[in-house]
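Here's the letter readout for the chains.
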Amino acid sequence: MKITSAEFEVSSPDIRTAPRLVRPEFAFIGRSNVGKSSLINLLTEKRDLARVSDKPGKTRLLNFFVINGKWRLVDLPGYGYAHVAKSERFKFNVAVADFLENRESLRHTYLLIDSRLEPQKIDVDFIGWLVGAKVSFSLIFTKTDKQSANLTNTSVERFKRTALAGLGVEPRIFISSSKTKAGRKDILADITARLAAV
Ligand SMILES: Nc1nc2c(ncn2[C@@H]2O[C@H](COP(=O)(O)OP(=O)(O)OP(=O)(O)O)[C@@H](O)[C@H]2O)c(=O)[nH]1
Ligand SMILES: [Mg+2]
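Residues numbered from 1 in each chain as written. Chains lettered and ligands numbered in written order. Predicted model: local features only at pLDDT ≥ 70, side-chain atom pairs only at ≥ 80, totals over all residues. Heavy atoms only, no water.

S.K.: Report on the site of ligand 1, specifying residues and quantitative values.
M.R.: Looking at ligand 1, there are 22 residues lining it, with Lys36, Ser38, Asp54, Gly57 and Asp145 nearest. In this structure, glycine 35 approaches ligand 1 through a main-chain N or O atom, which is 2.9 Å from an oxygen atom. Between ligand 1 and aspartate 54 there is a distance of 2.5 Å, counted from an oxygen atom to a side-chain nitrogen or oxygen. Its free accessible area being 650 Å², ligand 1 has 91% of it covered by the protein chains. The site holding ligand 1 turns out to be the largest pocket. Across the shell around ligand 1, the residue classes break down as three nonpolar, eleven polar and eight charged. (Near = heavy atom within 4 Å. Polar contact = N/O pair within 3.5 Å; in protein donor to acceptor, adjacent residues only side chain to side chain. Areas by Shrake-Rupley, 256 points an atom, 1.4 Å probe, with all protein chains shown as cover. 1 Å grid on protein atoms, 1.4 Å probe; cavity = no way out; pocket = protein on both sides within 12 Å on 5 of 7 lines; lining within 4 Å. Sits in = over half its atoms within 2 Å of the grid points. Nonpolar A, V, L, I, M, F, W, Y, C, P; charged D, E, K, R; others polar.)

In structure tokens, the structure reads:
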């Protein structure tokens, strides 16, 4: 797919205030700092479309971007960031959960995992929640430019063996790098296929 336009639409604290106009949506979720906003910029080839920051917890709202005037990418607040106020953390987690469970226009969710780390409990728990909530998701292993292809492979295999074991799901797996542009084509092809499959 060619992306001819990518525009920021709105930031919403929750699903109640999210855009009403129905368009197919693809959401990006994962731990703070894993690279969700960077990935949205990579997919759209716009450097500053989604805000990127070294400091975790940058994305605090549900951010909607309209692509080619027809569908949306949704940049969700990361989880596992301890330094936002407790009340706010709770609120955002609820908003994200509500979005993933109840947003009717949500077609698919991409869960980002840092390719350099051993499986993290918080990611494993979150996957368990996704499976329980019957949210359709794929995995994207990020920041693969920071290590060899071999190490990324090992990391992905370990994740499959441990974190995904016994869950009864086999999500599609992508690898990505906002530096080398790895994954861009594959992820866009996946979105294209999902848009076509109604
Ligand atoms: N080397 C490298 N750095 C990356 C990559 N993706 C993201 N980063 C860096 O990681 C940091 C966090 O990236 P963001 O895209 O803001 O992460 P996020 O998941 O949106 O973070 P929150 O909004 O805080 O939840 C930034 O310093 C990025 O430049 C990547 O593929 N390779
Ligand atoms: Mg972000």
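Alright, that's what it looks like, and here's the rest.
S.K.: Explain the side chain of arginine 103 residue by residue, including any values.
M.R.: As for its position among the elements, arginine 103 is in the loop between helix 2 (86-102) and strand 5 (106-114). Reaching out from arginine 103, the side chain makes a polar contact with the backbone oxygen of proline 19 at a distance of 3.1 Å. Beyond its immediate stretch of four places on either side in the chain, arginine 103 contacts Ile15, Ala18, Pro19, Glu25, Phe64, Arg72 and Asp98. (Helix = DSSP H or I, 4+ residues; strand = E, 2+ residues; numbered from the N terminus. Contact = heavy atoms within 4.5 Å.)

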